[in-house]
Amino acid sequence: MNIEQPGRPICFINTVGCAAAFFYFSRMENKAISRSLRTLSQLMELHEQNPFKIRSVANAAFKADKLPFRLDSKSEEELSKIDGIGKSIASKISELLTTGSMREMDELFALTPAGIVEMMGIKGIGPKKIAIIWRTLGIETVGELYYACNENRLIEAKGFGLKTQEEIKKAIEFKLAGNGRFLYARAEPAATALHQALSAWLHPLDEHALLGLGGAFRRCDEVIDGLDFILATSRREEVESRLPQFEDVPLIPAGESHYAGQTTDGMQVNLFFCDLRDFYIEYFRKTGSAAHVEAVLSRVAARHFENEAAIYAAAGLAFVAPELREDDTYLSQAEAGNLPELIRLEDLKGSIHNHSTWSDGVHSLEEMAVFCRDVLKLEYLGISDHSRTAVYAHGLYEERVAAQHLEIEALNARLEGFKIFKGIESDILSDGALDYPDDVLKTFDFVVASIHSNLKMDEQKATQRLIKAIENPYTTILGHPTGRLLLTRSGYPVDYRKIIDACAANGVVIEINSNPLRLDLDWRWHRYALDRGVMLSINPDAHRNEGFHDMRYGVLVGRKGGLSKTACLNALNRSEIEAYFNDRKSRI
């Protein structure tokens, strides 16, 4: 069988005998030997071993790649006499050729978290920087590193700056794109630009053509695998003949009425042709999931429609928004005419769960408040800087909590028509306790309880830990309930029903963390929460003013989960949410 780990050569295990294994490995290209030595030197540097030995291995790696003869044809003694190799390195190469690995490298791999090994494959991050990321910042996965870049956490570490942070962020985005999957937020600009470019290109050819963008993108799925365009034109032959002239994305035939290509960053693009009279039925087919489309069309006789609403009307259903077309879940409500009135961005009256310069944010309290009031036209800001356990994020000890509250009171005295609410993102400790005593917790208007450390838990442990925090009378909101980072970290496993039931029993709001990497609580559990009477809160987790715009992505996934403004905490206006906070505190 073959065994492969990131950054190391493929090993071949032959159960017939050692001779066969040696035969395989003794035919190893110099480049493969060089790669293995280079990996060993990086691991040695990561684990802060003897600098002289590190340089020796690194130099040998460089030398091995440039030699005019094959190393696998030499004996260990012959290898030791090669300039730049020497006896010690010759022994390592011989071991590699004999066994397919090196014991020293295996031991270092065993000491290195898999996520750190993966980081070693990202262009532009050397072992020294990875060591700081790992040991100083406590980051162990590529997803956590990407999230830290978004939170501006890297620029404060030794040897890092804004430029380095942006380069690392772009390198990670390139790596993720190589997998052919994209966060909705990252796919959106490319999708919008491509739609506009296609429309502009089509107009001179056929000004009556119809162009739609369907698929997972139109359903606002949190992760996008590609873009599906539907094109209806009465001049199809001419349009098809000129497709090679569309320079934004080269599109080639991929099937009947189907062209395909990729954007420069690797996003799959599909273009489907249809007749003008079939546009809306095809737009409908290419938008909803197979289950949804089949369930609706089973009620409809095949014919042409002037819009999508007419398709639903013919099926005896109210129009179902694209976000809800994942399956047939909402069809009974569509039949009864009582679909939820889905929340809109303009329904949000304030922003809760945000971080200022008091912890790891970029903007001051006043800058964030003025931005929310004057730019976003919101009525309030809930500030919830990190708590004392989050040392990496300059979490607030009790003295700094008191000082921040004094600043908030001073700002509230002069910010007309606006209010800052005193909050905290209190870390949930390993035993489920919050990391402040009650006499500190009671000074806040609201408390967001979140897990940030010790994420390696089984479902029972994670569920118990969360439930204990939920049962704390000072917990107002459960923050990013699973700790997931889309495409990079699945998050700790939880019993969703038990967690949601506990929130219902204790009157705790569940966050929809709107950071495009999180979007946690998963929209697939929104309806269960809503049916149990649990309120949700669309929180940007903003660490800078630009981060407030992420609330839009929270709204999109809230809509997918059937959320209406009546069940959204921050759709309450300023006086309503103040009364809500005061009522909760009065019952403690």
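Further up the page is the structure itself.
So, here's what we can say about the structure. Along each chain, numbering runs from 1 in the same order as the chain's sequence is written. Given that the model is predicted, a residue must reach a pLDDT of at least 70 before its local features are reported, and side-chain atom pairs must reach 80 or more before they are shown or counted; all residues, however, enter totals for whole chains, interfaces and linings. Side-chain measures were taken over the full set of non-hydrogen atoms in the model, leaving aside hydrogen atoms and water.

### Focus on the overall build of the protein
The cut-off we apply is this: By definition, any uninterrupted DSSP run of H or I lasting at least four residues is a helix, any uninterrupted run of E lasting at least two residues is a strand, and each is numbered from the N terminus. For every residue, the accessible area (1.4 Å probe, protein chains only) is compared with the maximum for its type, and the residue is labelled buried under 20%, exposed over 50%, or partly exposed between those bounds. Here, residues are in contact when the closest pair of their heavy atoms is within 4.5 Å. Computed with a 1.4 Å probe, the accessible areas rest on the Shrake-Rupley method; for each residue, only the protein chains presented here act as cover.
Along its length, the protein carries 25 helices and 16 strands. Taken along its principal axes, the extent of the C-alpha atoms in the protein is 85 × 75 × 45 Å. In the protein, buried positions account for 54% of the 588 residues. At a minimum sequence separation of 6, the contacts of the protein that also span at least 24 residues come to 69%. Summed over its atoms, the accessible surface of the protein is roughly 26500 Å², and 51% of this surface lies on carbon and sulfur atoms.

### Let's talk about the packing of helix H2 (residues 30-46) against helix H8 (residues 127-136)
Rules: Orientation is described by lines fitted to C-alpha atoms, with helices fitted over the stretch in contact, and by angles between N-to-C directions that extend from 0 to 180 degrees. Roughly parallel here means an angle under 35 degrees, roughly antiparallel means over 145, roughly perpendicular means 65 to 115, and every remaining angle is called oblique. In this scheme the crossing of two helices becomes right-handed for a clockwise turn of the near helix relative to the far one and left-handed for an anticlockwise turn of less than a right angle. For this classification, the nonpolar set comprises Ala, Val, Leu, Ile, Met, Phe, Trp, Tyr, Cys and Pro, the charged set comprises Asp, Glu, Lys and Arg, and every other residue, Gly included, is treated as polar.
Packing of H2 against H8 leaves a shortest axis separation of 8 Å and a crossing angle of 45°. In this view, H2 runs oblique relative to H8, as classed from their interaxial angle. With respect to the hand of their crossing, H2 and H8 are arranged in right-handed fashion. Contacts between H2 and H8 pair Gln-42, Glu-45 and Leu-46 from the former with Pro-127, Lys-128, Ile-130, Ala-131, Trp-134 and Arg-135 from the latter. Taken together, the residues of the contact of H2 with H8 break down into five nonpolar, one polar and three charged.

### Quick word on the pairing of strand E16 (residues 536-539)
Stated formally: Pairing between two strands is assigned when DSSP locates at least 2 bridges connecting them. For crossovers, right-handed means that the path from the first strand over the helix to the second runs clockwise, given strands pointing away from the viewer.
Alternating positions in E16 separate into two faces, Leu-536 and Ile-538 on one and Ser-537 and Asn-539 on the other, with burial throughout. Note: strand E15 (residues 509-513) against E16, four bridges, orientation parallel. Bridge pairing links Ile-510 to Leu-536 in E16. In this fold, the crossover linking E15 to E16 by way of helix H23 (residues 526-531) has right-handed handedness.

### Points about helix H24 (residues 551-560)
With nine of its 10 residues buried, H24 lies for the most part within the structure. All buried positions along H24 are accounted for by Met-551, Tyr-553, Gly-554, Val-555, Leu-556, Val-557, Gly-558, Arg-559 and Lys-560. Check the buried side of H24 and you find it contacts helix H11 (184-202), strand E10 (350-351), E15, H23 and E16.

### Points about the pairing of strand E11 (residues 380-386)
On any regular strand, side chains alternate: one points to one face of the sheet, the next to the other face. For E11, the tally of buried residues reaches seven of seven residues, placing the bulk of the element in the interior. Relative to E11, E10 runs parallel, the two sharing two bridges. The residue bridging Ser-351 from the neighbouring strand is Leu-381, located in E11. After leaving E10, the chain enters helix H18 (residues 365-375) and then returns to the sheet as E11, a path that is right-handed. Inspection of the sheet shows E11 paired to strand E12 (residues 419-427) by seven bridges, in the parallel sense. Note on E12: the bridge partner recorded for Ile-383 is Lys-422. In terms of handedness, the path from E11 via helix H19 (residues 398-414) over to E12 forms a crossover that is right-handed.

### Digging into the packing of aromatic side chains
Formally: Aromatic contacts are taken between Phe, Tyr and Trp rings whose centres are within 6.5 Å, Trp giving its six-membered ring; a plane angle under 30 degrees counts as stacked, one over 60 as edge-to-face, and the others as tilted. By definition here, charges over rings are those cases where NZ of Lys or CZ of Arg is within 6 Å of the ring centre and within 35 degrees of the ring normal.
Across all of its chains, the model carries 16 aromatic pairs by this definition. With 5.8 Å between their ring centres and 70° between their planes, Tyr-259 and Phe-273 make a pair best called edge-to-face. With Tyr-259 in strand E8 (residues 258-262) and Phe-273 in strand E9 (residues 268-274), the pair connects residues that are 14 residues apart, well separated along the chain. The same class applies to Tyr-259 as to Phe-273, namely buried. An aromatic cluster is defined as three or more aromatic residues linked by ring pairs; in this entry it consists of Tyr-380, Phe-421, Phe-446, Tyr-580 and Phe-581. Just above the ring of Tyr-147 sits the side chain of Arg-518; from NZ or CZ to the centre is 4.3 Å. Here the basic side chain of Lys-560 rests over the ring of Trp-523, its NZ or CZ set 4.6 Å away from the ring centre.

### Focus: the side chain of Arg-484
Rules: Nitrogen and oxygen atoms within 3.5 Å of one another constitute a polar contact, given that in protein one can donate a hydrogen and the other can accept it, and given that sequence-neighbouring residues count only through two side-chain atoms.
Structurally, Arg-484 is set in the loop between strand E14 (477-478) and helix H22 (496-506). Under the relative-accessibility criterion, Arg-484 is labelled buried at 9%. Within polar-contact distance, the side chain of Arg-484 engages the backbone oxygen of Arg-518 at 2.9 Å. Of the polar contacts made by the side chain of Arg-484, one reaches the backbone oxygen of Leu-519; its length is 2.6 Å. Apart from the residues within four sequence positions on either side, Arg-484 is in contact with Glu-222, Arg-489, Ser-490, Gly-491, Leu-517, Arg-518, Leu-519, Asp-520 and Asp-522.

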